[in-house]
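Working through the structure, step by step
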Amino acid sequence: MESLQGFGDDNRAGMDGQLHRISCIRNNRNGVIGLTIRVGRHIEGNSDMIRDLLEESKTTIVRDVAKILSQEKNVFIVDTSNEIAGDGDIPHSCVGHSRRMMVKSLPNQADTMIECVQNHTPEVMIIDEIGRKREVDAAQTSKNRGVRMIASAHGDLRSLIKNKDLRGLIGGVETVTLGDTEAAKLQQKNGTKTIQKSLTTRAAAPIFEIIIELKRGRLHEWHVVTNSAEAVDDLLRGDKYGIQKRMRCMSSGRIFVERIKN
């Protein structure tokens, strides 16, 4: 307990120079009666499966991405709970030359993202997790100002489309009403018997052009969506969307890519 940096409003703390996160359980008198320790790791080279995308474009992967990009770009990490770069004023060496802005508490994350863009002119901004509408809006503002965004969010592409707070990350969804002529053309194209007068479409360009889907327990199999706008449009039409299934051979380290429909 003596080596902890102190618990914040989210009841989380860290250790100076370490990536571990400690969360406390309090009693009704606000005393600490239990701890949960989440061991933080840095795996060198873990982002090799997407290294080709980094030159054109979850926490363990984000750390390695930050290190690679910081070799040539001005990279800022908006670090809620100090989960990416560890506790203490000096970021952990695993993020390379990236600079880090700490977030006082979770409700301040969106404001810190905007402050980062306005004050420090980042080329790349990295956020461990976007989970609220205000952060989606802040990400859109940052993207509009020319900042490359890298972030994680819970769920896959299908669940993001259904999430009203987060669907803005992939362009949002809107319902449009069709005129008689357009509805007839759509009926002819789809080969249906009924005329559909309304259509669900993507509302805008996605904030994130590339999406990487990670499945629990499948550490060496990643699904990469290289054109999120096209994938969202496919799903809204009721079709499957194309992905690159990237697999890493544990014995040789070689990476194999297979193109499939998901």
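Just above sits the structure.
An account of the accompanying structure is given in this report. Computed from a predicted model, the values in this text were never measured in an experiment.

Our focus in this paragraph is the overall build of the protein chain. Assigned secondary structure in the protein chain consists of seven helices and 13 strands. For the protein chain, buried positions account for 39% of its 262 residues. Here the protein chain has roughly 14,800 Å² of accessible surface; of this, 47% comes from carbon and sulfur atoms.

Quick look at the layout of surface pockets now. Volume-wise, the second largest pocket comes out at about 260 Å³. Around the second largest pocket, the lining residues are L186, K189, N190, Q196, L199, T200, T201, R202, D233, L236, R237 and D239. Looking at the lining of the second largest pocket, the elements with two or more residues in it are α6 (180-190), β9 (198-202) and α7 (228-236). The dominant element in the lining of the second largest pocket, judged by the number of residues it contributes, is β9, at four residues. A per-class count over the lining of the second largest pocket returns three nonpolar, four polar and five charged.

Going through the model one piece at a time under the given rule, you end up with zero aromatic pairs. The lysine or arginine in question, R248, covers the ring of W222, its NZ or CZ lying 5.9 Å from the ring centre.

Moving on: the nonpolar core. Judged by nonpolar contacts, the single largest core of 31 residues is most densely connected at M113, M125, I130, M149 and L157. Put simply, the parts of the chain that give this core at least two residues each are β4 (75-80), β5 (99-103), α3 (109-120), β6 (124-127), α4 (133-144), α5 (157-162) and α7. Among the elements that make up this core, the one with the highest residue count is α3 (four residues). If near-sequence neighbours (up to four positions away) are discounted, M113 is found in contact with V78, M125, I127, E135, A138, A139, S142 and M149. Among the nonpolar cores identified, the runner-up in size contains 16 residues, and I61, V62, V75 and W222 belong to it.

When α6 is considered as a whole, its buried residues turn out to be A183, L186 and Q187. End-on, the buried residues of α6 take up no more than an arc of 100°, which puts them together on one face. Counted as exposed and oriented over 90 degrees from the buried face of α6: T181, K185, Q188 and K189. Its buried side turned inward, α6 meets β9.

Turning to the side chain of T80, a few remarks are in order. Note that T80 resides in strand β4. Taking relative accessible area as the criterion, T80 reaches 14% and is therefore assigned buried. Within the structure, the side chain of T80 is placed 2.2 Å from the side chain of Q109, a separation counted as a polar contact.

Once that is clear, we can look at the pattern of salt bridges. One pass over the structure, following the stated rule, counts 11 salt bridges. One salt bridge connects R38 with E83, and the closest N-O pair in it is separated by 3.2 Å. Take R38: its relative accessible area is 43%, and that puts it in the partly exposed class. Looking at E83, the relative accessible area reads 8%, which means it is buried.

Here we take up the sheet that holds strand β13 (residues 255-261). Across the sheet, which stays open at both edges, the four strands sit in the order β10-β11-β12-β13 with antiparallel pairing between neighbours. Each edge of the open sheet carries a strand with a single partner, namely β10 (211-214) and β13. Across the sheet, the mean angle from the axis of one strand to that of its neighbour is 25°, orientation sign disregarded. Sheet analysis places strand β11 (residues 221-225) next to strand β12 (residues 242-248), joined by four bridges and oriented antiparallel. In the sheet register, H223 faces β12, and the bridge partner there is K245.

Calculation notes
- Residues numbered from 1 in each chain as written.
- Predicted model: local features only at pLDDT ≥ 70, side-chain atom pairs only at ≥ 80, totals over all residues.
- Heavy atoms only, no water.
- Helix = DSSP H or I, 4+ residues; strand = E, 2+ residues; numbered from the N terminus.
- Buried < 20%, exposed > 50% of the residue type's maximum accessible area, 1.4 Å probe, protein only.
- Areas by Shrake-Rupley, 256 points an atom, 1.4 Å probe, with all protein chains shown as cover.
- 1 Å grid on protein atoms, 1.4 Å probe; cavity = no way out; pocket = protein on both sides within 12 Å on 5 of 7 lines; lining within 4 Å.
- Points joined across faces, edges and corners; volume = space filled by probe spheres on them.
- Nonpolar A, V, L, I, M, F, W, Y, C, P; charged D, E, K, R; others polar.
- Phe/Tyr/Trp six-rings, centres within 6.5 Å; stacked < 30°, edge-to-face > 60°.
- Lys NZ or Arg CZ within 6 Å of the ring centre and 35° of its normal.
- Core = buried A, V, L, I, M, F, W, Y, C linked by side-chain atoms within 4.5 Å.
- Contact = heavy atoms within 4.5 Å.
- Arc of directions from axis to C-beta.
- Polar contact = N/O pair within 3.5 Å; in protein donor to acceptor, adjacent residues only side chain to side chain.
- Salt bridge = Lys/Arg side-chain N within 4 Å of Asp/Glu carboxyl O.
- Pairing = 2+ DSSP bridges.
- Axes fitted to C-alpha atoms, helices over the stretch in contact; angles between N-to-C directions.

It is worth stressing that arrangement in space is one thing and function is another; only the former is reported here.
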